[in-house]
Amino acid sequence: MGKAKIKGRQVAVYSVDFTVMSGAIGDQGVWKIAELIEMAGKERKPIIGIFDGAGSRVGFKDGYAGYQGLGQLIRNYCLYSGVIPQIALLLGPCTGPFAQVPIQSDFLIINENTGFLWHGGDIESDNAGSAEFHMEESGQCDLIVESDQEAIEKARELFDFIPQNCWEKPISVQTGDDPERTEDSLLDVMPDNSKFTYDMHEVISELVDHGEYLEIKDEYAKCLITCFARFNGQPVGIVANNPSQPGSMLGINACDKYYRFLQILDSYNIPLINLVDTPPTVPGEAEEKKGLQRHIGKIVDVYATTTVPKISVILREVYGDTGGLIMGGLKSMGGDLTYAWPIAQF
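Bear in mind that the values here come from a model prediction, so they are computed numbers and not experimental data. (Residues numbered from 1 in each chain as written. Predicted model: local features only at pLDDT ≥ 70, side-chain atom pairs only at ≥ 80, totals over all residues. Heavy atoms only, no water.)

Considering unusual backbone geometry
Positive phi values are uncommon outside glycine, yet Lys7 reaches one of about 55 degrees. With respect to the secondary-structure elements, Lys7 resides in the loop between strand E1 (2-6) and strand E2 (9-15). Backbone geometry places Asn232, a non-glycine residue, at a positive phi of 55 degrees. Looking at the secondary structure, you find Asn232 in the loop between strand E12 (224-231) and strand E13 (234-241). (Helix = DSSP H or I, 4+ residues; strand = E, 2+ residues; numbered from the N terminus.)

Some thoughts on the sheet that holds E2
A sheet is described by the order of its strands in space; here six strands give the open sequence E1-E2-E3-E6-E8-E10, paired in mixed fashion. Of all strands in the sheet, those bounded by a partner on one side alone are E1 and strand E10 (143-145). Adjacent strand axes in the sheet meet at a mean angle of 25 degrees when their direction is disregarded. Bridging between strand E6 (residues 86-90) and strand E8 (residues 107-111) involves four bridges; their strand directions are parallel. Across the sheet, the residue bridging to Leu89 is Ile109, located in E8. Along the sheet, helix H1 (residues 27-42) makes contact with E1, E2 and strand E3 (47-51), crossing E2 at roughly 170 degrees. (Pairing = 2+ DSSP bridges. Axes fitted to C-alpha atoms, helices over the stretch in contact; angles between N-to-C directions. Contact = heavy atoms within 4.5 Å.)

Details of the pattern of salt bridges
Applying the stated criterion across every chain, the model contains twelve salt bridges. Between Arg181 and Glu183 there is a salt bridge; the shortest N-O distance is 2.8 Å. Since its relative accessible area comes to 28%, Glu183 is described here as partly exposed. Two residues, Asp256 and Lys298, come together in a salt bridge whose shortest N-O distance is 3.5 Å. You can see Asp256 sitting in helix H8 (residues 252-267) and its partner Lys298 sitting in helix H10 (residues 292-305), a full 42 residues away along the chain. Judged by relative accessible area, Lys298 falls into the partly exposed class, the value being 31%. Several salt bridges share partner residues, and in doing so they unite Lys3, Glu43 and Lys45 into one network. (Salt bridge = Lys/Arg side-chain N within 4 Å of Asp/Glu carboxyl O. Buried < 20%, exposed > 50% of the residue type's maximum accessible area, 1.4 Å probe, protein only.)

Thoughts on H1
End to end, H1 covers 23 Å across 16 residues, agreeing with the expected 22 Å (1.5 Å per residue, within 8%). Of all the positions in H1, only Val30, Ile33, Ala34, Leu36, Ile37, Ala40 and Gly41 are classed as buried. All buried residues of H1 project into a common sector of 160 degrees when viewed along the axis, lining one side. Looking at H1, the residues exposed on the side facing more than 90 degrees away from the buried face are Gln28 and Lys42. Positioned one or two residues after H1, Arg44 has a phi angle of 60 degrees, which is positive. (Expected span 1.5 Å × (residues − 1). Arc of directions from axis to C-beta.)

Regarding the packing of aromatic side chains
The final tally for this structure, using the stated rule, is six aromatic pairs. With 5.6 Å between their ring centres and 20 degrees between their planes, Phe161 and Phe228 make a pair best called stacked. You can see Phe161 sitting in the loop between helix H5 (148-159) and helix H6 (186-189) and its partner Phe228 sitting in strand E12, a full 67 residues away along the chain. Per residue, the accessibility class of Phe161 equals that of Phe228, and both read buried. Here the aromatic cluster, defined as three or more aromatic residues joined through ring pairs, consists of Phe107, Phe161, Phe228 and Phe261. When the ring centre of Trp167 is taken as reference, the NZ or CZ atom of Arg44 above it lies at 3.7 Å. (Phe/Tyr/Trp six-rings, centres within 6.5 Å; stacked < 30°, edge-to-face > 60°. Lys NZ or Arg CZ within 6 Å of the ring centre and 35° of its normal.)

Some words on the nonpolar core
Formed by 46 residues in total, the largest nonpolar core has its most connected members in Ile87, Leu89, Ile109, Leu158, Phe228 and Tyr258. The greatest single-element share of this core, amounting to seven residues, is contributed by H8. Not counting residues within four places of it along the chain, the set of residues in contact with Leu158 comprises Ile87, Phe107, Ile109, Leu143, Leu214, Ile216 and Phe228. In terms of nonpolar packing, the next biggest core, distinct from the first, is built from 35 residues, Ile25, Ile84, Val101 and Leu108 among them. (Core = buried A, V, L, I, M, F, W, Y, C linked by side-chain atoms within 4.5 Å.)

Considering the packing of H1 against helix H2 (residues 67-79)
Following both chains from N to C, one finds H1 and H2 inclined at 20 degrees, their axes separated by 8 Å at the closest point. When the axis of H1 is compared with that of H2, the two are roughly parallel. You can see that H1 and H2 cross each other, and the crossing is left-handed. Contact residues: Val30, Trp31, Ile33, Ala34, Ile37 and Glu38 in H1; Gln68, Gly69, Leu70, Gln72, Leu73, Asn76 and Tyr77 in H2. Across the contact of H1 with H2, the residue classes break down as eight nonpolar, four polar and one charged. (Parallel < 35°, antiparallel > 145°, perpendicular 65-115°, else oblique. Left-handed = near helix turned anticlockwise from the far one by under 90°. Nonpolar A, V, L, I, M, F, W, Y, C, P; charged D, E, K, R; others polar.)

With respect to the sheet that holds strand E16 (residues 337-340)
Taken in spatial order, the six strands of this open sheet run E11-E12-E13-E14-E15-E16, and their pairing is mixed. Where the open sheet ends on each side, the last strands, each with one partner, are strand E11 (213-216) and E16. Ignoring strand direction, the axes of neighbouring strands in this sheet form an average angle of 20 degrees. Bridge count for E12 against E13 is eight bridges, and the pairing is antiparallel. Directly across from Phe228, in E13, lies its bridge partner Gly237. Packing against the sheet, H8 makes contact with E11, E12, E13 and strand E14 (272-276), and its axis sits at approximately 25 degrees to E12.

Here it is as structure tokens:
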């Protein structure tokens, strides 16, 4: 553990070492990390955790060693959540109570070949605990990578879009992409007739600087896209409906995906851009059984109270009962600007 710099910016870093007792964390280890998190919070600098270990250390006579320290570690993560950026790289196993630590981070990057995250209990499927499992099923993974080196590069890429802490603004850069340019190719991407689908990724790539964006949770609730990009060099967060994928904007998973992403944008002063084409799909009984209204309530609350700039572009359709309420269809919900393309229907 220690302090370092990424592209000239100060960060705090710690790593679990698998070569020592399979990386099992004990009493002194958890207290060291807990104090590093507190130090990073007071110094207002991001923290990166690298996980590759057997989880919590268990003694044969005394049971788990370090439960008090682990409690302090998790509490410090929670206290500084939304205050300093927290990034977790899961490059190997992480199990038991210690698995709560990477989950508390703002972003979780998992190596698809070696990462394994599991609290405990029976495993009934072949891919349980894997990167794929936590991306597609649990929604706890933000980025899947193929190697440890790629995980490190993705963490560095994330830093390009987020500030040092909640008191600062994201760093703007000169991209050389003319903000006044027009894109006639959009006319070929999106059909006027709502009976036909299209991939919203193509729209995003035409709009943002140089077509470059970093998508978060790309295989989870695929009817909704969440990504970081730039307009005229300014970092933004984009939330977009994707008509090419089945599902309702107000499904449980889509609500949670939007909710979590918007929390991060609000914490770190990153403007929100909504690209809106809500499908006329209303969730049914299966979603209601899982507490749909509770999940909708979370995103409604966060959207209404978020203080970052909120700009929406209605591309084709916006239905209030299937997501328009929280995608910018209603300015009374707190949106700053709502634009509409000529074919838009409210």
